[in-house]
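Listed here are the chains, written in short residue letters.
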Amino acid sequence: QVQLVESGGGLVQAGDSLSLSCAASGRTFSIYGMGWFRQAPGKEREFVAAITWSGGSTYYADSVKGRFTSSGDNAKKTVSLQMNSLKPEDPADYYCAAAPTAPRPYTVTYYLASRYNYWGQGTQVTVSS
């Protein structure tokens, strides 16, 4: 089992920055990649960003590319999502998730929620215009 705890959500104004963190514990050796997803009220959960646990590769949704940056600290078992230039369309509950090693390469599955076995409880991000 892997436990994930997000932190860092809050209320900011449009154009501001916010950083989310996700701390992993438990069987972290089984993690291959970490993803960030978000879900706004009435909408489906959508992919935001992902990073391999080794930190060697990162992936982003087009909607956040150039504004959000995912980073990781393997030694501390944490991943972060730095969100800059927040927009009115960014508010949602943000979730981190852990993906194990799997037959299909992470490079082609990172954006799929089904690729992830473990999920955090979510942290809310609110952006006022």
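Residues numbered from 1 in each chain as written. Predicted model: local features only at pLDDT ≥ 70, side-chain atom pairs only at ≥ 80, totals over all residues. Heavy atoms only, no water.

## A closer look at the overall build of the chain
Logical step 1: For the chain, the count of helices and strands is 1 helix and 11 strands.
Logical step 2: Helices and strands appear in the chain in the N-to-C order β-β-β-β-β-β-β-β-β-α-β-β.
Logical step 3: In summary, the chain has a C-alpha radius of gyration of 14 Å against a globular reference of 14 Å for 129 residues, a match within 12%.
Logical step 4: Oriented by its inertia axes, the alpha-carbon framework of the chain measures out at about 40 × 25 × 25 Å. (Helix = DSSP H or I, 4+ residues; strand = E, 2+ residues; numbered from the N terminus. Rg over C-alpha atoms; globule rule 2.2 N^0.38 Å.)

## Here we look at the sheet that holds strand β3 (residues 18-26)
Logical step 1: Ordered by their spatial adjacency, 4 strands build an open sheet running β1-β3-β8-β7, and the pairing between neighbours is antiparallel. What marks the edges here is a single partner per strand, and that holds for β1 (2-7) and β7 (68-73). On average, adjacent strands in this sheet sit at an angle of 15° to one another, irrespective of strand direction.
Logical step 2: The pairing of β3 with strand β8 (residues 78-83) spans 6 bridges and is classified as antiparallel. Note on β8: the bridge partner recorded for L18 is M83. (Pairing = 2+ DSSP bridges. Axes fitted to C-alpha atoms, helices over the stretch in contact; angles between N-to-C directions.)

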